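# Summary of the model geometry
Here's the letter readout for the chains.
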Amino acid sequence: MNPDLSWVLNGVLEVRGARHAILVSADGLLMQRSDHISRDEAEKNAAAMSSIQSLCRAVAGFVGGGGQRLWKQTLVEFDGGWIFLVAAGSGAYLAVSAALDVDMEAMSFRMQKTVSALREAMSAAPRLNAGADA
């Protein structure tokens, strides 16, 4: 069962200037999308976001300092706006598009809150009698 988590993604769009949000799997599949973005557009961008995070992981050593570097987020600027891409759990990424005048601090904060809400919504507490004979 795939729960409808669009309500969680729609929350990030409350930041002034936010446009769309998608939840992406590591292999580029669309896991969820906010309202007002078509499924086709969301799926196309999910594949692209997966590629972007993969490229960022590949160049992690460029930051220097030795050792393995853990990718956390990517910010891409275009002349018409921004793309924010953050890790959203094991094998999942949250991508948000926004206008140029978006409050970047507010967006980053809201995305972290959204990631926390997604983790909570996608997890299930273990049953106390799990595995016990009925």
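The coordinates are above.
## Observations regarding the pairing of strand 5 (residues 92-98)
Within strand 5, six of the seven residues are buried, leaving the element largely enclosed by the surrounding structure. Relative to strand 5, strand 1 (residues 18-25) runs antiparallel, the two sharing seven bridges. Counted as the bridge partner of Ile22 is Ala95 from strand 5. Both strand 4 (residues 81-87) and strand 5 contribute to a ladder of six bridges, which runs antiparallel. Bridging from a neighbouring strand, Leu85 pairs with Ala95 of strand 5. Connecting the antiparallel pair strand 4 and strand 5 is a turn made up of four residues, with Gly89 showing a positive phi of about 115°.

## Here's the deal with the packing of aromatic side chains
For the structure shown, the criterion picks out one aromatic pair. Ring geometry for Trp71 against Tyr93: centres 5.5 Å apart, planes inclined by 75°, an arrangement best described as edge-to-face. Pair noted here: Trp71 is in the loop between helix 2 (39-58) and strand 3 (73-78) and Tyr93 is in strand 5, with a separation of 22 residues, a long-range link. Tyr93 matches Trp71 in its accessibility class, with the two residues each being buried.

## Overview of the nonpolar core
Phe84, Leu94, Val96, Val102, Met107 and Met111 are the most contacted members of the largest nonpolar core, which totals 20 residues. Listed by contribution, the elements that provide at least two residues to this core are helix 1 (6-12), strand 1, strand 4, strand 5 and helix 3 (104-122). Judged by nonpolar contacts, the second largest core, of 12 residues, contains Leu30, Ala46, Ile83 and Tyr93.

## Section: the sheet that holds strand 5
One open sheet holds the five strands; their spatial order is 2-1-5-4-3, and the pairing between them is antiparallel. Where the open sheet ends on each side, the last strands, each with one partner, are strand 2 (30-33) and strand 3. Across the sheet, the axes of successive neighbouring strands diverge by a mean angle of 15°, strand direction being ignored. Contacts from helix 2 reach strand 1, strand 2, strand 3, strand 4 and strand 5, with the element oriented near 70° to strand 1.

Cut-offs used in this document
- Residues numbered from 1 in each chain as written.
- Predicted model: local features only at pLDDT ≥ 70, side-chain atom pairs only at ≥ 80, totals over all residues.
- Heavy atoms only, no water.
- Buried < 20%, exposed > 50% of the residue type's maximum accessible area, 1.4 Å probe, protein only.
- Helix = DSSP H or I, 4+ residues; strand = E, 2+ residues; numbered from the N terminus.
- Pairing = 2+ DSSP bridges.
- Phe/Tyr/Trp six-rings, centres within 6.5 Å; stacked < 30°, edge-to-face > 60°.
- Core = buried A, V, L, I, M, F, W, Y, C linked by side-chain atoms within 4.5 Å.
- Axes fitted to C-alpha atoms, helices over the stretch in contact; angles between N-to-C directions.
- Contact = heavy atoms within 4.5 Å.

Fair warning: the whole summary comes from geometry, so function is off the table for now.
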